[in-house]
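# Remarks on the overall topology
Here is what each chain is made of, one letter per residue.
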Amino acid sequence: MLTVLCYEKCSTCKKALKWLDEHQIAYEERPIKEKHPSLLELREWQEKSGLPLKRFFNTSGKLYKELGLKEKRQGMSDEEQLALLSTDGMLVKRPLLVGEDFVLVGFKEEEWEQRLESL
């Protein structure tokens with residue numbers, strides 16, 4: 001079963017959920033603000049994704065900007081960044097699509113289609 005971590009007011013999340021519905025792909029929706037990812041989950045998902053940790057940050061988000069993370073993140077270790085991400089779901093880029101052996105960050109239709117065509 002796929003899990004989609006999303007924020008209900010996010011237009012990109014709405015697009016992603018609509019796309020999954022249109023392609024009749026079953027998923028479980030998890031509200032990222034209320035049930036934000038744990039440190040353990042984030043560490044595992046980053047490894048599964050093979051993406052740099054930077055990609056997991058919602059760099060256009062209000063909280064990211066308020067905390068001045070563009071500059072602060074540079075001097076932080078991966079563990080410190082993961083710990084920070086685990087404190088608030090609004091810091092995490094969304095939607096996050098979590099499968100058994102993969103994780104997709106953000107919604108890029110071509111990427112999702114390519115990854116999910118075999119499901």
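Predicted, not measured: the structure shown is a model, and the values here were computed from it.

### As for the overall build of the protein
Scanning the protein from N- to C-terminus turns up six helices and four strands. The C-alpha atoms of the protein give a radius of gyration of 14 Å, which matches the 14 Å a tight globule of 119 residues would have. A principal-axis box enclosing the C-alpha atoms of the protein has dimensions of 40 × 30 × 25 Å. Carbon and sulfur atoms provide 47% of the accessible area of the protein, an area that totals close to 7200 Å². Counting 20 positive and 22 negative side-chain charges, the protein places the centres of these two groups 7 Å from one another.

### A look at the environment of F56
One can find F56 in the loop between α2 (39-49) and α3 (62-66). Overall, the relative accessible area of 1% leaves F56 in the buried class. Considered as a pair, F56 and V92 are 36 residues apart in the sequence and their alpha carbons are 5.6 Å apart. F56 has contacts with W45, Q46, S49, L51, L85, L91, V92, K93, L96, V103 and V105, leaving out every residue within four places of it along the chain.

### Things to note about the nonpolar core
By size, the foremost hydrophobic cluster in this structure holds 37 residues, and its most contacted members are W112 and L116. Elements that contribute at least two residues to this core include exactly β1 (2-6), α1 (11-22), α2, α5 (78-85), β3 (96-98), β4 (103-105) and α6 (109-116). Top contributing element to this core by residue count: α1, with five residues. Sequence-distant contacts of L116, that is, excluding residues within four places in its chain, are made with L2, W19, L20, I25, L97 and F102.

### Focus: the pattern of salt bridges
Under the criterion given, the structure shown has five salt bridges. In this structure, R43 engages E79 in a salt bridge whose closest nitrogen and oxygen atoms are separated by 2.7 Å. Residue R43 is located in helix α2, and its partner E79 is located in helix α5; the two are separated by 36 residues in the primary sequence. With a relative accessible area of 40%, E79 lands in the partly exposed category.

### Regarding the sheet that holds β1
With mixed pairing, the four strands of this open sheet are ordered in space as β2-β1-β3-β4. In this open sheet, the two strands that pair with only one neighbour each are β2 (27-31) and β4. The mean inter-strand angle of the sheet, taken between neighbouring strand axes irrespective of direction, is 15°. Of the pairings in the sheet, the one linking β3 to β4 comprises three bridges and is antiparallel in character. In the strand pairing of β4, L97 is matched with L104. Seen against the sheet, α6 touches β1, β3 and β4 and runs at an angle of roughly 170° to β4.

Cut-offs applied
Residues numbered from 1 in each chain as written. Predicted model: local features only at pLDDT ≥ 70, side-chain atom pairs only at ≥ 80, totals over all residues. Heavy atoms only, no water. Helix = DSSP H or I, 4+ residues; strand = E, 2+ residues; numbered from the N terminus. Rg over C-alpha atoms; globule rule 2.2 N^0.38 Å. Areas by Shrake-Rupley, 256 points an atom, 1.4 Å probe, with all protein chains shown as cover. Lys, Arg positive; Asp, Glu negative; His and termini not counted. Charge placed at Lys NZ, Arg CZ, Asp CG, Glu CD. Buried < 20%, exposed > 50% of the residue type's maximum accessible area, 1.4 Å probe, protein only. Contact = heavy atoms within 4.5 Å. Core = buried A, V, L, I, M, F, W, Y, C linked by side-chain atoms within 4.5 Å. Salt bridge = Lys/Arg side-chain N within 4 Å of Asp/Glu carboxyl O. Pairing = 2+ DSSP bridges. Axes fitted to C-alpha atoms, helices over the stretch in contact; angles between N-to-C directions.

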